[in-house]
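Observations on the model geometry
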Amino acid sequence: MIKIESPLKTDVLILGSGIAGLRCAIEIAKGGLKVTVATKDFPKESNTLYAQGGIAAAVDPDDSPKSHFEDTIRAGDGLCKEEAVKVLVEEGPERIRELISFGAEFDKKAGVYHLTKEGAHSLRRILHSGDSTGKEIEQTLMKQMAITSKIEPLAYSMGIKLAVNNDRCVGAYLLDEKKSTILPVKCRAVVLATGGAGRLFQESTNSPIATGDGMVVALEAGIEMANLEFVQFHPTALHLKNAPRFLLSESMRGEGAILRNTKGERFMEKYDKNLMELAPRDVVARAIVSELKKDKAPHVFLDLTHLDPEFIRNRFPTIYATCISYGLDITKEMIPVHPAAHYIMGGVKTDLFARTSLKGVYAAGEVSCTGVHGANRLASNSLLEGLVFGCRAGRAILEDTLPMPTKFEKDIEINTQTLSPEVVNELRRQTPSLMWQGAGISRNGSGLENLFSELLNLEAIFGKAPFERRARETWNMIQLGKAISISANYRTESRGAHFREDFPKRDDIRWKRDTTLIYKNGKHIFL
Ligand code: SIN
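Residues numbered from 1 in each chain as written. Predicted model: local features only at pLDDT ≥ 70, side-chain atom pairs only at ≥ 80, totals over all residues. Heavy atoms only, no water.

**Quick word on the pairing of strand S4 (residues 35-38)**
Covered by surrounding structure in S4 are Val35 and Val37 together with Thr36 and Ala38, the residues of both alternating faces. Across 4 bridges, strand S3 (residues 12-15) lies against S4 in parallel orientation. Within S4, the residue paired with Ile14 across the bridge is Val37. Where the polypeptide runs from S3 across helix H1 (residues 19-30) and back to S4, its parallel neighbour, the crossover connection is right-handed. (Buried < 20%, exposed > 50% of the residue type's maximum accessible area, 1.4 Å probe, protein only. Helix = DSSP H or I, 4+ residues; strand = E, 2+ residues; numbered from the N terminus. Pairing = 2+ DSSP bridges. Right-handed = clockwise from strand over helix to strand, strands pointing away.)

Next up, the structure:
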């Protein structure tokens with residue numbers, strides 16, 4: 001029987017320790033409140049840690065927030081929330097200057113920041129630290145966080161449920177993986193900063209922890225979710241036998257890498273004559289799929305062999321070393337690549353200050369849907385969003401001054417049934433495979449319906465939500481998979497990253513709007 005521990009009391013509980021969660025924690029601590037940052041794995045593990053390309057912002061004198069705004073809106077394919085994009089591009093440069101003042105180092109050339117380019121940006125505006133920008137930012141924020149005694153990290157503690165009383169969140173329940181206990185946390189506010197859900201798909205660039213946990217916690221509390229059908233597939237993940245689907249940053253194409261099919265032909269000209277390899281990600285990913293089908297090939301190639309080997313080794317040290325460790329010298333050989341799930345644009349619906357539809361719950365970073373990404377995220381806007389809206393979440397919490405709840409009644413039903421690790425592993429294997437087939441790069445109504453019912457079958461094997469980490473993550477993948485597939489089936493058009501074979505056109509009359517969903521009494525309801 002799983003023991004429920006005595007409640008922990010803190011002012012603010014943040015679930016997740018990527019860029020959004022950490023930036024939020026720093027802001028709240030400045031205001032004097034006590035913060036607990038709970039992570040389900042070791043404290044630094046997050047998608048932020050693995051972000052390669054960089055962080056976009058109009059920091060160059062030749063650039064402007066207006067130009068960044070226009071590129072973001074264009075990539076979002078008619079669905080960006082303009083006020084949110086304005087906040088992103090106008091506050092972004094200030095947040096970056098502050099990050100630099102915390103100690104973050106970005107690459108410079110002759111004393112000025114070296115800015116790189118990625119798909120759909122009209123100019124070079126991406127700051128980077130080699131090809132491991134996320135690691136530099138994560139380490140900087142961790143160090144900044146350690147300066148204050150107000151922030152308490154709590155590792156291996158997975159948020160599994162929100163505690164709600166009288167339409168207000170009064171805390172949450174954490175599953176302590178090491179002790180196999182439940183820790184109730186009573187607090188003024190909970191921040192969901194748990195990141196994304198790329199691991200719901202068989203081919204994914206994401207960290208194994210990206211199983212959509214925060215989105216499921218929100219869904220199960222009846223919080224409004226938006227645009228879950230919009231999943232971005234990155235065109236170039238490493239496709240080598242026995243190697244993980246390691247990301248090959250779009251900045252490689254920004255620095256001149258070329259896509260070739262297995263016949264060695266450069267093919268992007270057929271799909272986007274002007275932007276070629278730097279077309280928006282959905283265009284490049286679908287172009288690759290088309291070439292794979294045509295040539296019945298398992299992958300296409302990313303070719304850097306025409307670039308200076310020294311430049312490649314210096315500019316992409318992590319990618320170079322990783323590929324070498326799998327026997328591939330990218331300065332001499334073309335890299336086999338295949339698209340993979342990378343980022344979810346939808347999530348927990350928020351206002352401009354990260355407030356959700358449930359009082360006391362805030363969301364920031366990939367778990368949220370602020371509206372900045374619309375139907376397709378502009379490259380390197382995600383770290384920026386985490387930074388800007390993580391800070392805004394902190395400010396909103398300080399401003400909202402919610403009182404510490406007086407009542408916190410334990411309201412969690414423990415399921416003592418357990419499945420064997422073999423069964424959990426099989427469900428964990430089947431779920432992403434079904435998602436890839438049914439809700440991958442190209443979708444259709446019957447495939448999505450079939451996916452939903454297959455996921456119901458997997459859910460039935462569990463019966464109820466399990467209380468063991470790996471099983472719970474798998475349960476979460478199934479829950480979020482259902483919400484994604486039902487949303488993707490609901491939106492009968494193609495827009496941005498959501499492509500329907502049976503509705504291949506964009507339909508502004510019916511669909512130039514968010515898909516807002518709540519989960520109530522076991523049913524998905526569109527608002
Ligand atoms: C990349 O480096 O290609 C990823 C950057 C991003 O997803 O924004």
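**Topic: the nonpolar core**
In terms of nonpolar packing, the biggest core is built from 56 residues, with Leu13, Leu162, Val190, Leu192, Phe201, Leu228 and Leu480 touching the most fellow members. When residues in this core are grouped by element, the largest group, 8 residues, is from helix H14 (residues 469-490). Among the nonpolar cores identified, the runner-up in size contains 50 residues, and Ile26, Ala51, Leu88 and Val372 belong to it. (Core = buried A, V, L, I, M, F, W, Y, C linked by side-chain atoms within 4.5 Å.)

**Quick word on the packing of helix H12 (residues 421-439) against H14**
Running from N to C, H12 and H14 cross one another at 25 degrees; their axes reach a closest spacing of 10 Å. The pairing of H12 with H14 is recorded here as roughly parallel in orientation. The handedness of the crossing between H12 and H14 is left-handed. Along its contact with H12, which presents Val424, Asn425, Leu427, Arg428, Thr431, Pro432 and Met435, the element H14 presents Arg470, Ala471, Glu473, Thr474, Met477, Ile478, Gly481 and Ile484. (Axes fitted to C-alpha atoms, helices over the stretch in contact; angles between N-to-C directions. Parallel < 35°, antiparallel > 145°, perpendicular 65-115°, else oblique. Left-handed = near helix turned anticlockwise from the far one by under 90°. Contact = heavy atoms within 4.5 Å.)

**Quick look at the site of the ligand**
Looking at the ligand, the residues that line it are Gln52, Gly53, Glu118, His234, Leu247, Ser249, Glu250, Arg281, His342, Arg377, Ala379 and Ser380. In this structure, His342 approaches the ligand through a side-chain N or O atom, which is 2.6 Å from an oxygen atom. In this structure, Ser380 approaches the ligand through a main-chain N or O atom, which is 2.6 Å from an oxygen atom. Counted by class, the shell around the ligand contains 2 nonpolar, 6 polar and 4 charged residues. (Near = heavy atom within 4 Å. Polar contact = N/O pair within 3.5 Å; in protein donor to acceptor, adjacent residues only side chain to side chain. Nonpolar A, V, L, I, M, F, W, Y, C, P; charged D, E, K, R; others polar.)

**Overview of the side chain of Thr36**
Of note, Thr36 is situated in strand S4. Discounting chain neighbours no more than four positions away, the residues touching Thr36 are Leu8, Thr10, Val12, Leu13, Ile14, Glu152 and Leu154.

**What to know about the sheet that holds strand S23 (residues 523-526)**
Read from one edge to the other, the open sheet built from 5 strands follows the order S21-S19-S14-S22-S23, with strand pairing classed as mixed. Looking at the sheet topology across the chains shown, the edges are occupied by strand S21 (368-369) and S23. Sheet topology note: the strand S19 (residues 347-349)/S21 ladder contains 2 bridges and is parallel. Following the sheet pairing, Val348 is matched in S21 by Ser368. Its contacts with the sheet put H14 on strand S22 (516-520) and S23, and the angle it makes with S23 is roughly 35 degrees.

**Brief notes about H14**
Taking 1.5 Å per residue, 22 residues should reach 32 Å; H14 reaches 31 Å between its end C-alpha atoms and fits that length. Taking burial as the measure, the 22 residues of H14 include 18 buried ones, the bulk of the element. Put simply, Glu468 is the residue that caps the front of H14, since its side-chain oxygen is 3.3 Å from the backbone nitrogen of Arg470. (Expected span 1.5 Å × (residues − 1).)

**A word on the pairing of strand S15 (residues 231-238)**
With 8 of its 8 residues buried, S15 lies for the most part within the structure. Pairing of S15 with strand S18 (residues 335-344), which is carried by 6 bridges, proceeds in the antiparallel orientation. Bridging from a neighbouring strand, Leu238 pairs with Val337 of S18.

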